[in-house]
Structure formats: C-alpha cells, structure tokens
Amino acid sequence: MGAALTDTIGLSLSIIGLYTLIKRRIPEAMPSLVLDFPREWLVKVLRIGGPVTLSMSTNSLAFIIQQRMVNEFGVLVTTAYSIGMIVLDLADGIMWGLLGSIAIIVGQSLGAGNIKRAREAAIKGTLFVASIVALGVTVIYPFRLSIISVFTSNPKVQSLSMEFLDTILVGLPFFAMFIAGMNIGRGSGSTLIPTVLGMFRLWALRIALSYLLAFLMGMGPRGLWIGIMLSNVVGGLIMLVWVSLGKWAKPIIKTHGKTPAET
C-alpha cells in the first residue's frame with residue numbers, strides 16, 4: 001500500500017512539474033477537452049499507436065508466462081531469477097535513457113526532411129549504445145558475485161544467480177540494439193515492423209525456445225536462461241538489419257499533401 005501511494009504521489013508531482021515547464025516555455029499551451037478529432041488524425045494515431053499497444057500488451061503476457069516457467073523450478077530458482085532481473089534493471093535504467101534520445105533525433109530529423117541525418121543518427125546511435133552496454137558488461141562481470149551478495153547470503157541462490165547472469169549478460173548489448181530499433185520505429189512512426197519483430201523475439205524465441213530447452217530437452221533453469229539470451233541476440237541482430245535498410249526513414253506527417261520540409 002505504501003509503495004502504491006508513493007508511486008501515485010510521484011506521478012502527480014511529475015505531471016504538475018511537466019505542465020509547469022511546458023507552460024513556462026509555451027505560454028499559449030492550455031489543456032482543454034477536445035471531442036472533435038479529424039478522421040485523418042485518428043487513422044494516423046491508430047496506425048502508429050496500434051502496433052505499440054499490441055506490443056506492450058503481448059509483452060506483459062509473455063513475461064507472465066516466462067515467470068510461470070521460472071516458478072516451476074522452485075523458490076531458489078525464482079529468487080535467483082528475481083535477483084538477476086534486479087541487476088539487469090539497473091543496467092536497463094541507464095540504457096533506456098540513452099536510447100530514448102535516438103527516437104528524438106530521428107523524429108526531429110525526419111520532420112525537417114533530413115533523411116540522411118535520421119539514418120545516420122539511427123545507425124550510429126544504435127552501435128554507440130550497444131558498445132557502451134558491452135563496456136558496462138565487461139566492467140560489471142568480475143564483480144557480479146559481490147553484487148549478488150548484496151541481495152542474498154544463501155550459497156545456492158548465489159550460485160543460481162551467477163549462472164543466470166553468466167548467460168544473460170552475453171546478450172545484453174544485442175538487447176540494446178533491439179530496444180534502439182523499437183525507439184527508432186516510434187520516433188519515425190514506423191511501428192509495425194518493430195512490433196512484428198518484437199513478437200517474434202518474445203513468442204518464437206524467448207517463450208517457445210525456452211520451453212523447448214528447459215522442459216522438453218531437460219536442461220532445466222539453464223535452458224530458460226539460454227532461451228532468454230538467444231532471444232536478445234537474434235532479436236538485436238534482426239533489428240539492426242531493419243535499421244540499416246532504412247525503409248523507415250520517411251516523414252509520415254504531411255501538410256496538404258506535402259512533407260514539413262516541402263511546405
């Protein structure tokens with residue numbers, strides 16, 4: 001209850017702060033109730049936001065199923081998985097901040113009609129963040145036991161957590177590539193292909209492959225970790241190919257049949 005209350009207070013303060021900032025920068029910005037939406041606007045919102053909504057909802061379901069598979073191996077494995085995910089969340093927090101900037105640069109470049117800059121920012125940004133993550137993994141790896149020891153003193157849980165991180169950390173730079181592609185898709189408005197790739201990564205690789213390795217092939221928890229790692233590696237490489245091809249690099253907002261750069 002306390003955690004839920006502090007989250008609500010934090011979000012409320014964030015909304016007030018954001019509104020104050022916008023009002024200071026753009027004094028004419030005033031929130032108002034709007035019920036009359038142009039058909040073109042609705043169609044565009046559904047085309048861009050629909051795949052993102054589908055991606056977010058299916059992601060939640062996939063992680064529920066993944067947690068269910070982990071729980072099959074008992075409390076020690078579940079605890080080790082939770083500790084490993086905490087360590088990954090710490091890395092993700094830094095990674096998401098860097099990757100979000102790629103979407104902003106891509107969106108602004110396409111809005112200005114600068115296709116070359118958008119593609120250059122996407123490719124260089126993806127490889128840059130992946131390199132930073134790889135460097136971070138290299139630095140963290142020797143200290144993984146010390147980090148795990150902060151959360152548990154149980155030798156069995158420590159061993160299982162080490163096994164988890166030893167496997168998952170390999171795929172973390174590729175996961176950065178994948179998330180970069182998702183942000184590029186959202187920044188450019190080309191959300192369909194990243195959503196399809198994301199669903200393939202989650203359901204065909206992470207869920208199906210993990211189940212095959214862990215249960216049908218009898219590899220146990222290690223099979224789950226390998227499935228998660230391979231889903232990040234394969235998903236990241238496929239997403240990098242999509243980003244490199246650059247078919248997403250075109251403005252989607254037009255004014256009277258022209259792009260912003262032509263008006």
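This text goes with the structure placed above it.
All residue numbers here refer to positions counted from 1 along the written sequence of the relevant chain. Reporting in this predicted model follows two pLDDT cut-offs: at least 70 for local features of residues, and 80 or more for side-chain atom pairs to be given and counted; totals over whole chains, interfaces and linings ignore these cut-offs and use all residues. Side-chain metrics rest on all non-hydrogen atoms present in the structure, leaving aside hydrogens and water.

Asks: I would appreciate a short explanation of the overall build of the protein in the present structure.
Replies: In this description a helix means any DSSP run of H or I spanning at least four residues, a strand means any run of E spanning at least two, and both kinds are numbered starting from the N terminus. A tally of helices and strands in the protein yields nine helices and zero strands. Going residue by residue from the N terminus, the α and β elements of the protein occur as α-α-α-α-α-α-α-α-α. Dimensions of the protein, computed from C-alpha atoms along their principal axes, come out at roughly 65 × 45 × 35 Å. Accessibility here uses a 1.4 Å probe with only protein chains present; expressed as a share of the type maximum, an area under 20% marks a residue as buried, one over 50% as exposed, and anything in between as partly exposed. Classification of the 263 residues of the protein by burial places 38% in the buried group. Summed over its atoms, the accessible surface of the protein is roughly 15000 Å², and 70% of this surface lies on carbon and sulfur atoms. Of the charged side chains in the protein, 21 are positive and 11 negative; the average position of the first set lies 7 Å away from that of the second. Exposure was quantified through the Shrake-Rupley algorithm and a 1.4 Å probe, taking into account, for residues, occlusion by the shown protein chains and nothing else. This count recognises Lys and Arg as positive and Asp and Glu as negative, with His and chain-terminal groups excluded. Just so you know, the charge point we use is NZ for Lys, CZ for Arg, CG for Asp and CD for Glu.

Asks: Any chance you could explain the packing of aromatic side chains here in plain terms?
Replies: To describe a pair of aromatic rings, you give the distance between the ring centres and the angle between the ring planes. Only the six-membered ring of Trp is used, alongside the rings of Phe and Tyr, when aromatic pairs are assigned; centres must lie within 6.5 Å, and planes under 30 degrees apart are stacked while those over 60 apart are edge-to-face, with the rest tilted. With the rule as written, the count across this model stands at six aromatic pairs. Ring plane angle 10° and centroid distance 5.9 Å describe the contact between Tyr81 and Trp225, whose orientation is recorded as stacked. Here Tyr81 is found in helix 3 (residues 75-111), whereas its partner Trp225 is found in helix 9 (residues 221-245), with 144 residues between them in sequence. Residue class for Trp225 comes out buried when judged on its relative accessible area of 1%. Both rings, one in Tyr211 and one in Phe215, keep their centres 5.1 Å apart while their planes meet at 35°; by these two values the pair is tilted. A residue pair is termed a helical-turn pair when its members lie 3 or 4 positions apart in one helix, as Tyr211 and Phe215 do in helix 8 (residues 192-216) at four residues. Classification of Tyr211 as partly exposed rests on a relative accessible area of 42%. Classification of Phe215 as partly exposed rests on a relative accessible area of 28%. Taken together through their ring pairs, the aromatic side chains of Phe73, Tyr211 and Phe215 make up a single cluster.

Asks: Please explain the nonpolar core as it appears in this structure.
Replies: If you look at soluble globular proteins, the nonpolar side chains tend to sit buried side by side. Nonpolar cores are built from buried Ala, Val, Leu, Ile, Met, Phe, Trp, Tyr and Cys residues. Side-chain atoms within 4.5 Å join them into one set. Core analysis: the biggest nonpolar cluster contains 49 residues, and Ile184, Trp225 and Trp248 have the highest contact counts within it. Residue assignment for this core shows that the elements contributing at least two residues are helix 2 (39-71), helix 3, helix 4 (115-140), helix 6 (155-168), helix 7 (172-188), helix 8 and helix 9. A per-element tally of this core places helix 3 first, with eleven residues. Setting aside residues no more than four positions away along its own chain, Trp248 makes contact with Val106, Leu110, Ala118, Arg119, Ala122, Ile184, Ser188, Ser190, Trp242 and Val243. What makes two residues a contact is simply this: any of their non-hydrogen atoms within 4.5 Å.

Asks: Honestly, the environment of Gly113 in this entry has me stumped. Any pointers?
Replies: Tracing the sequence through the fold places Gly113 in the loop between helix 3 and helix 4. Judged by relative accessible area, Gly113 falls into the partly exposed class, the value being 34%.

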